[in-house]
Amino acid sequence: MIRVLIVDDSATAREAIAAMLKSDPEIEIVGEATDGLEGVRMAADLKPDAITMDINMPWMNGYEATKQIMATNPTPIIVVTTVSHDEMVQHGLDILLVGALDIVQKPSSLSVQGFETIQSELVSKIKAVAQIKLAKPVN
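All figures in this text were calculated on a predicted structure; none of them were measured in a lab. (Residues numbered from 1 in each chain as written. Predicted model: local features only at pLDDT ≥ 70, side-chain atom pairs only at ≥ 80, totals over all residues. Heavy atoms only, no water.)

Participant: Could you give an account of the sheet that holds strand β3 (residues 50-53), with specific residues and numbers?
Facilitator: Strand order in the open sheet made by the five strands is β2-β1-β3-β4-β5, with parallel pairing throughout. Looking at the sheet topology across the chains shown, the edges are occupied by β2 (27-33) and β5 (102-105). Put simply, the sheet's adjacent strands are angled 25° from each other on average, direction ignored. Of the pairings in the sheet, the one linking strand β4 (residues 77-81) to β5 comprises four bridges and is parallel in character. Each bridged residue has a counterpart across the sheet, and for Val79 the counterpart in β5 is Ile103. Across the sheet, helix α1 (residues 11-22) touches β1 (2-7), β2, β3 and β4, and the angle it forms with β2 is around 165°. Strand contacts of helix α2 (residues 36-46): β1, β2 and β3, with the helix running at about 135° to β2, the strand carrying the most contacts. (Pairing = 2+ DSSP bridges. Helix = DSSP H or I, 4+ residues; strand = E, 2+ residues; numbered from the N terminus. Axes fitted to C-alpha atoms, helices over the stretch in contact; angles between N-to-C directions. Contact = heavy atoms within 4.5 Å.)

So this is what it looks like as structure tokens:
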């Protein structure tokens, strides 16, 4: 089983991401964090195989959470966000530079086709990154 932690401040988004990932019998949702701060703590406690991370969240954004997770408990992270294309260009590289491995755009509409496309992309990326074993930081 691939153990996944979902980090997103939107209950609706967490539910949608969980539904997408649960469609695959090899994926298990081990936790859901409502902000980056909780995500950092849960990543340390749960030691998931992969994490989905939103960017814009209260208390601690996805950029800072990714940075802290990679410094303390390196875990493959896929960013799942609704930020616009312009924001993605501006901030996407920053989050990749601190350790996220890929970015998936949340569906902008709830059409079945949009959901299925994002679901397929997210499931395949989670399965791919979960195979990556990141080195623990050396103190």
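There's plenty left to go through after this.
Participant: Would you mind going over helix α3 (residues 62-72) in detail, with residue names and values included?
Facilitator: Looking at α3, one finds that the buried residues are Gly62, Ala65, Thr66, Ile69 and Met70. All buried residues of α3 lie within an arc of 125° about the axis, which places them on one face of the element. At the N-terminal end of α3, a side-chain oxygen is found 3.1 Å from the backbone nitrogen of Tyr63, two or three residues along, and the residue is Asn61. (Buried < 20%, exposed > 50% of the residue type's maximum accessible area, 1.4 Å probe, protein only. Arc of directions from axis to C-beta. Polar contact = N/O pair within 3.5 Å; in protein donor to acceptor, adjacent residues only side chain to side chain.)

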